[in-house]
Amino acid sequence: MRTERSLTRLDRVFARLDREPERPVQLGMPRMSRHRYALVAACLGCYAAVVWAVITTSWLVRLDWQVMFFRPYQQWPEIHAWLDYYVVLGQRGPTAVMVAAWLGWRSWRQHTLRPLITFAIALLLLNVTVGAAKIGMGRLGPHYATTIGSNEMWLGGDIFPSGHTANAVVTWGILAYLASGPGARRWLSALSAVMSLGVGLTTVYLGTHWLSDVLLGWVAGVLVLLALPLFEPLGARAERWLLDLRDTVWDRLVRRFGKDHASVPVTGTSGGLAPLVRRPVAAGGDSGRRSRRPMLLPSGPHAVRPERGPGAAPAGGSRPPHTEAPGRSKPSSARPVA
């Protein structure tokens, strides 16, 4: 009698990852075309113009103070409670968790780490660029302003550009960047634009940012999205390195704990334990694609199920022989004596 070892959850995970991709490896990633380079140059010009307008205390700073004195949260107090929740869509922690969960599911379906790696690169660029600008310019927010009409620069603040706005642009815009088709990319681009626009205006309504902070946050987020194709080769190398690291760690675990892992009750006809060997799994894609690591399968002879009729009992089964039902007795053939 042979008892087959049931695959564990870890075996199923690796078996899933070892399958060939269901979709082409090239998923239509954006490239740095002339049009994209022109957009990057235009965004850099807008970035420099906003920074210069704030540094020189121009009309943009006067507009900041006028909006601040207008106090939108006092003009429309009925929407204050709702916007307190809506502004969370621009916070890095909650939005990163939501988007990473969605991209993780896409990585699982497409058998590639590219969505998660691209998202990690985008967040890294956002933290470096926006964080450096915040620390370098040190602008104070509206609630901590000291001099009316001043640009409040280099006073130890961290409000310029708006991190909420830039994070909303990058976090929701990455969904459009990684879209698999032009139609989905257009819809997701419109959705991310509405989300980032709403988050930026909400921070102005709540009085946590100047209007110029939000303008520069929009431009900073768009710059990160436009520059992402430059880092696609880095993401491809990171994916290859992570997959190679996974294979190396898995091989070491198999070599170290292979015998212990094979000690699960897997018995052959002789009653001994059958060792685990690596058998390749048939790939469902083209032969030219790169094959992944095979899954673990138990070795040993496979018992053949004997053929039997529909009414026959299995050989060696544990079903008891048929007996008469209790309470019933056979009728006696002897006639009663008169």
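Bear in mind the structure is a predicted one, so any value in this text is a computation, not a measurement.

Some points on the layout of surface pockets
Computed from the structure, the second largest pocket encloses a volume of approximately 420 Å³. Looking at the second largest pocket, it is lined by 16 residues, and the ones nearest its centre are G173, S189, S192, V222 and L225. Per element, the largest residue contribution to the lining of the second largest pocket is six residues, and it comes from helix α9 (residues 182-206). In the lining of the second largest pocket, the residues fall into 10 nonpolar, four polar and two charged.

Some remarks on the packing of aromatic side chains
This model, assessed by the stated rule, comprises five aromatic pairs. Seen from their ring centres, W65 and W210 are 5.1 Å apart, and the 50 degrees between their planes marks the pair as tilted. Residue W65 is found in helix α3 (residues 59-70), and its partner W210 is found in the loop between α9 and α10 (211-227); the two are separated by 145 residues along the sequence. Each member of the pair, W65 as well as W210, carries the same accessibility label: buried. An aromatic cluster of at least three residues, connected via ring pairs, comprises W65, F69 and W210.

A look at the packing of helix α8 (residues 163-177) against α10
Look at α8 against α10: their axes get within 8 Å of each other, and the N-to-C directions meet at 30 degrees. Considering their axes alone, α8 and α10 lie roughly parallel with respect to each other. In this structure, the crossing between α8 and α10 has a hand that is right-handed. Residue-level inspection shows T165, A166, V169, V170, G173, I174 and Y177 of α8 in contact with α10, the latter providing V214, G217, W218, G221, V222, V224 and L225. The residue inventory of the contact of α8 with α10, partitioned by class, reads 10 nonpolar, four polar and no charged.

Focus on the confidence of the model for the protein chain
The predicted model of the protein chain averages 77 in pLDDT, with 68% of residues at 70 or higher. Overall, residues 20-26 carries pLDDT values under 50, and its contacts beyond four positions in sequence, including any with other chains, amount to 16 contacts. Taken together, the stretch residues 325-334 has pLDDT below 50 and engages in one contact with residues farther than four places along the chain or on a different chain.

What to know about the nonpolar core
If you look at the biggest cluster of nonpolar residues, it comprises 34 residues, and the most contacted ones within it are V99, L103, F119, W172, I174, L175 and L228. For this core, the secondary structure elements donating two or more residues are α5 (80-86), α6 (92-110), α7 (114-137), α8, α9 and α10. In contact with L103, other than residues within four places in its own chain, are P115, L116, F119, I174, L175 and L178.

Focus on the environment of D213
One can find D213 in helix α10. For the pair D213 and T203, spaced 10 residues apart in sequence, the C-alpha to C-alpha distance is 9.6 Å. Filtering out sequence-adjacent residues up to four positions away, D213 remains in contact with R139, I159, F160, P161 and S162.

Quick notes on unusual backbone geometry
The peptide bond linking F160 to P161 adopts the cis configuration, its omega dihedral lying at 5 degrees. Structurally, the position occupied by P161 is in the loop between α7 and α8. The phi torsion at R71 lies on the positive side, around 50 degrees, for a residue other than glycine. Structurally, the position occupied by R71 is in the loop between α3 and α4 (72-75). Positive phi outside glycine occurs at H111, with the angle close to 55 degrees. Counting through the fold element by element, H111 comes out in the loop between α6 and α7.

What counts, and where the lines are drawn
Residues numbered from 1 in each chain as written. Predicted model: local features only at pLDDT ≥ 70, side-chain atom pairs only at ≥ 80, totals over all residues. Heavy atoms only, no water. 1 Å grid on protein atoms, 1.4 Å probe; cavity = no way out; pocket = protein on both sides within 12 Å on 5 of 7 lines; lining within 4 Å. Points joined across faces, edges and corners; volume = space filled by probe spheres on them. Helix = DSSP H or I, 4+ residues; strand = E, 2+ residues; numbered from the N terminus. Nonpolar A, V, L, I, M, F, W, Y, C, P; charged D, E, K, R; others polar. Phe/Tyr/Trp six-rings, centres within 6.5 Å; stacked < 30°, edge-to-face > 60°. Buried < 20%, exposed > 50% of the residue type's maximum accessible area, 1.4 Å probe, protein only. Axes fitted to C-alpha atoms, helices over the stretch in contact; angles between N-to-C directions. Parallel < 35°, antiparallel > 145°, perpendicular 65-115°, else oblique. Left-handed = near helix turned anticlockwise from the far one by under 90°. Contact = heavy atoms within 4.5 Å. pLDDT = per-residue confidence, 0-100. Core = buried A, V, L, I, M, F, W, Y, C linked by side-chain atoms within 4.5 Å.

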